[in-house]
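# Overview (structure and organization)
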Amino acid sequence: IYSEDNYFVKQWKRLSEMQKTLVTIISVNLAVFLAFNLRNPNLLTYAHKYFVHRPFSGKSYTLLTSCFAHESFSHFLLNMIALYSFGSYCYSYLG
């Protein structure tokens, strides 16, 4: 459980605020990617309901949440590399 001696806790504390923000966003992306790809019918239904944008559905929030959906592992991987690369510049610029 949570302990100051835990390896992951130590690593998390070493990260800068920018890195913590990017790691959190990447983790959310990973969770959504897994929801789409684990082939669990309940997760898949949920993922399609909240993370696929259909312009005339009346669910405007899916315009944002669809940014977390990825078609394939290579799509996911390249987007996360780009997010980490460019995200650091954006974070530095925007704060």
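Residues numbered from 1 in each chain as written. Predicted model: local features only at pLDDT ≥ 70, side-chain atom pairs only at ≥ 80, totals over all residues. Heavy atoms only, no water.

Before going further, it helps to spend a moment on the nonpolar core. One recurring pattern in soluble globular proteins: nonpolar side chains tend to sit buried together. Core analysis: the largest hydrophobic core is formed by five residues, namely V32, A35, F36, A47 and F51. For this core, the secondary structure elements donating two or more residues are α2 (17-37) and α3 (41-51). The element contributing the most residues to this core is α2, with three residues. Not counting chain neighbours up to four residues away, the residues in contact with V32 comprise F51, F68 and A69. (Core = buried A, V, L, I, M, F, W, Y, C linked by side-chain atoms within 4.5 Å. Buried < 20%, exposed > 50% of the residue type's maximum accessible area, 1.4 Å probe, protein only. Helix = DSSP H or I, 4+ residues; strand = E, 2+ residues; numbered from the N terminus. Contact = heavy atoms within 4.5 Å.)

This next bit is on the packing of α2 against α3. One can describe the packing of α2 onto α3 by two numbers: an axis separation of 7 Å at closest approach and a directional angle of 125 degrees. In terms of their interaxial angle, α2 and α3 are classed as oblique. Seen from above, α2 lies across α3 with left-handed handedness. In this structure, α2 uses V32, A35 and F36 to contact α3, whose residues at the interface are L43, L44, A47, H48 and F51. Within the contact of α2 with α3, the residues separate by chemical class into seven nonpolar, one polar and no charged. (Axes fitted to C-alpha atoms, helices over the stretch in contact; angles between N-to-C directions. Parallel < 35°, antiparallel > 145°, perpendicular 65-115°, else oblique. Left-handed = near helix turned anticlockwise from the far one by under 90°. Nonpolar A, V, L, I, M, F, W, Y, C, P; charged D, E, K, R; others polar.)

All right, on to the pattern of salt bridges then. Across all of its chains, the model carries one salt bridge by this definition. The partner of E17 in a salt bridge is K20, and the shortest N-O contact between them spans 3.9 Å. One end of the pair is E17 and the other is K20, both in helix α2 and three residues apart, which spans about a single turn. Judged by its relative accessible area of 53%, E17 falls in the exposed class. (Salt bridge = Lys/Arg side-chain N within 4 Å of Asp/Glu carboxyl O.)

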